[in-house]
Amino acid sequence: MENKTIKLIKKKDHRGIDYIVDLYSDGYSNKEDIEECISDVFISVYNDIHTYDNKKGKFETFVFIKAKYIALDYKRKIIKKKEYEKIKEDRLLKINENIVYESAEKEVIKKEKLKDIANFINNFKEPDKTYFYLKYFINMESKEIAKRYNTTVSSVENRLYRCRLVLKKIIGGGV
C-alpha cells in the first residue's frame, strides 16, 4: 500500500492523501481532526517563529518537530476522548439496564398488587361486590345503583365506604 500511496502522491493524485490518512491515523481521527491539527501546526509555527534559530537547524526541521509534537498531543487527546466516551457509554448502559430492570420489577409488583386487589374485590359479599363494580368500574351513580337494587342511596354509599376501608387496609394506606 505504501508504494501505491507514493506513486499517487508523485502523480499529484488526491487519493494519495486519503491513503496516508488511512495508513497513519490508526483509526483514531477523522479528516476534520487532521485538518485542525495541521492548522494548529501552522499557527504554532507562526506564533513561535521568534524561537527559530537558523544556526541550530533548518526551518523545515523546526516545522517537522512542531508537527510531530502537536500531532502526538492530538492523538493523546483523541484517545482520551474515545476512552471517556466508552466509559460514559458503559455507564449509560448500566443505568439503562438498571432502569429497565427496576421498571420491569415495578411493573410485576404493580400487576401482582392489582391481582390481589381484584381478588379481594371478588371476595366481597353481595351486594357489596356488585355495588363496587357498578360504581368504580362501570361509573354508575350511587343514585342509579340504589334505584336498580331497590335500596337507599345512603345504604349504597355506606357499603361502598366500608369496601374502600377494607381495600385501604389491604393496600397499606391505613384508615
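Residues numbered from 1 in each chain as written. Predicted model: local features only at pLDDT ≥ 70, side-chain atom pairs only at ≥ 80, totals over all residues. Heavy atoms only, no water.

Draft legend 1. Layout of the overall build of the protein. A count of helices and strands for the protein gives seven helices and zero strands. When the helices and strands of the protein are placed in sequence order, the string is α-α-α-α-α-α-α. Expressed as a percentage of the 175 residues in the protein, the buried residues total 19%. Taking all contacts inside the protein whose residues are at least 6 apart in sequence as the whole, residues at least 24 apart take part in 40%. (Helix = DSSP H or I, 4+ residues; strand = E, 2+ residues; numbered from the N terminus. Buried < 20%, exposed > 50% of the residue type's maximum accessible area, 1.4 Å probe, protein only. Contact = heavy atoms within 4.5 Å.)

Draft legend 2. Main features of the packing of aromatic side chains. Going through the model one piece at a time under the given rule, you end up with eight aromatic pairs. Seen in terms of ring centroids, Tyr133 and Phe137 are 5.0 Å apart; in terms of plane orientation they differ by 35°. Their pairing is tilted. Pairwise contacts between aromatic rings join Phe124, Phe132, Tyr133, Tyr136 and Phe137 into one cluster. One Lys or Arg, Lys77, reaches over the ring of Tyr74 and ends 4.9 Å from the middle of that ring. (Phe/Tyr/Trp six-rings, centres within 6.5 Å; stacked < 30°, edge-to-face > 60°. Lys NZ or Arg CZ within 6 Å of the ring centre and 35° of its normal.)

Draft legend 3. Inspection of the nonpolar core at higher detail. Grouped together as the largest cluster of nonpolar side chains are 13 residues, with contacts concentrated most on Ile121, Phe124, Phe132, Ile145, Val156 and Leu167. If you list the elements that add at least two residues to this core, you get helix 4 (59-122), helix 5 (128-136), helix 6 (142-148) and helix 7 (153-171). No other element matches helix 7, which puts four residues into this core. The contact partners of Ile121, leaving out residues within four places of it in the chain, are Lys129, Phe132, Tyr133, Phe137 and Leu167. One finds Cys37, Val41, Val45 and Tyr74 within the second-largest nonpolar core, a separate group that totals seven residues. (Core = buried A, V, L, I, M, F, W, Y, C linked by side-chain atoms within 4.5 Å.)

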